[in-house]
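Secondary and tertiary structure notes
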Number of protein chains: 2
Amino acid sequence: MARAATTTDTFNAVAEPRRREILDALTQGERPVNELVELLGLAQPQVSRHLRVLREVGAVDVRDEGRQRLYRLNPQALKPIHDWVSGYQHLWDERFELLDDVLADLKQEDTQDEGSGQ
Amino acid sequence: MARAATTTDTFNAVAEPRRREILDALTQGERPVNELVELLGLAQPQVSRHLRVLREVGAVDVRDEGRQRLYRLNPQALKPIHDWVSGYQHLWDERFELLDDVLADLKQEDTQDEGSGQ
DNA sequence: TTATCATATACCCATATGGATATGTGTGCC
DNA sequence: GGCACACATATCCATATGGGTATATGATAA
């Protein structure tokens, strides 16, 4: 088996730069495919396919408006990613260093308590 | 051209579930390949290659210790991802809704000022 | 109805995986 | 030196892209 299907996983869907561009563009509000094609400077079929992937992972929603299809951002879909990387934030963010130290100290004390048989 | 090389981009590197598992495991501290092989239940060559990818995007560092190679997490590499998704956080997090409303109001006032000639 | 606009699909193709397996390389132990 | 151990690489292979181009579908305008 090659890589996991990108349509299965938000991480994969968002790993593609063009798709991130699309999402970024949609933070400005609903947009028809047409407009995204111009913004990305990519051919329409490719944009449509990227949008399909984003739809399948729930990162965007569609709405029919005449002969256009308006795509809208569905930010909740990105929450899992945010949750995941946030777990690492304390490892690089100095604002968390003090807290880390405190926790380390507490853990140390616990260990000593156990060691001394409580 | 197919997908952008995973070794080029942290987003791609992290899009692979196994590689996320590796990073998660490394939050506990340095580990030899050996140990990661057991943890992931994946063959050693595959683990080595995932580690190579992670090294190439700077997500992990290596250190030689006798005949072992100890891999260590390099959390800063994940910061770009965190920065990117954080830009979306206000779109789903209700704690930001009030702030958004305020900003929207301010923007509204600006627009009216412009409209009135100012 | 027919032509046209806005999209979505269908293919084709080159390329990048990821896993499996075999083998190369460096280090410590006898 | 010779061998086992811990990893890293090299190949092979099936599969999943992503872009390019042609075409189908749906709605609206003429």
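Residues numbered from 1 in each chain as written. Chains lettered and ligands numbered in written order. Predicted model: local features only at pLDDT ≥ 70, side-chain atom pairs only at ≥ 80, totals over all residues. Heavy atoms only, no water.

**A few points about the packing of aromatic side chains**
All chains considered together, the criterion is met by 4 aromatic pairs over all chains. Ring centres 5.8 Å apart and planes at 85° place the aromatic pair F11(B) and W84(B) in the edge-to-face group. Taken together, the positions of F11(B) in helix 1 (residues 10-15) and W84(B) in helix 5 (residues 79-92) put the pair 73 residues apart, joining distant regions of the chain. Overall, the relative accessible area of 14% leaves W84(B) in the buried class. The side chain of R20(B) reaches across the aromatic face of F11(A), ending 3.7 Å from its centre. (Phe/Tyr/Trp six-rings, centres within 6.5 Å; stacked < 30°, edge-to-face > 60°. Helix = DSSP H or I, 4+ residues; strand = E, 2+ residues; numbered from the N terminus. Buried < 20%, exposed > 50% of the residue type's maximum accessible area, 1.4 Å probe, protein only. Lys NZ or Arg CZ within 6 Å of the ring centre and 35° of its normal.)

**Looking at helix 3 (residues 33-40) of chain A**
Residue and element names in this part refer to chain A. Taken together, the buried positions of helix 3 are V33, L36, V37 and L40. Projection of helix 3 onto a plane perpendicular to its axis shows the buried side chains occupying an angular sector of 105°, all on one side. Those residues of helix 3 that are buried lie in contact with helix 2 (17-26), strand 1 (31-32), helix 4 (44-56) and strand 3 (68-73). Downstream of helix 3 by a residue or two, G41 has a phi angle that is positive, lying close to 65°. (Arc of directions from axis to C-beta. Contact = heavy atoms within 4.5 Å.)

**Details of the sheet that holds strand 1 (residues 31-32) of chain B**
Strand order across the open sheet formed by 3 strands is 1-3-2 (chain B), with antiparallel pairing between neighbours. Two strands bound the open sheet, and with one partner strand each, they are strand 1 and strand 2 (60-65) of chain B. (Pairing = 2+ DSSP bridges.)

**What about the interface of chain A and chain B?**
If you look at the interface, chain A gives 26 residues, while chain B gives 26 residues. Carbon and sulfur atoms make up 69% of the area that chain A and chain B hide from each other, which totals about 2,600 Å². Summed over the shared surface of chain A and chain B, the number is 2 salt bridges. The shortest N-O distance in the salt bridge between R20(A) and D9(B) comes to 3.4 Å. At the surface where chain A touches chain B, the tally comes to 8 residue pairs in polar contact (both at pLDDT 80 or more). If you list the elements that add at least two residues to the side of chain A that touches chain B, you get helix 1 (10-15), helix 2 and helix 5 (79-92) of chain A. In terms of residue class, the side of chain A that touches chain B is built from 13 nonpolar, 7 polar and 6 charged. (Buried area = accessible area lost by both parts, 1.4 Å probe. Salt bridge = Lys/Arg side-chain N within 4 Å of Asp/Glu carboxyl O. Polar contact = N/O pair within 3.5 Å; in protein donor to acceptor, adjacent residues only side chain to side chain. Nonpolar A, V, L, I, M, F, W, Y, C, P; charged D, E, K, R; others polar.)

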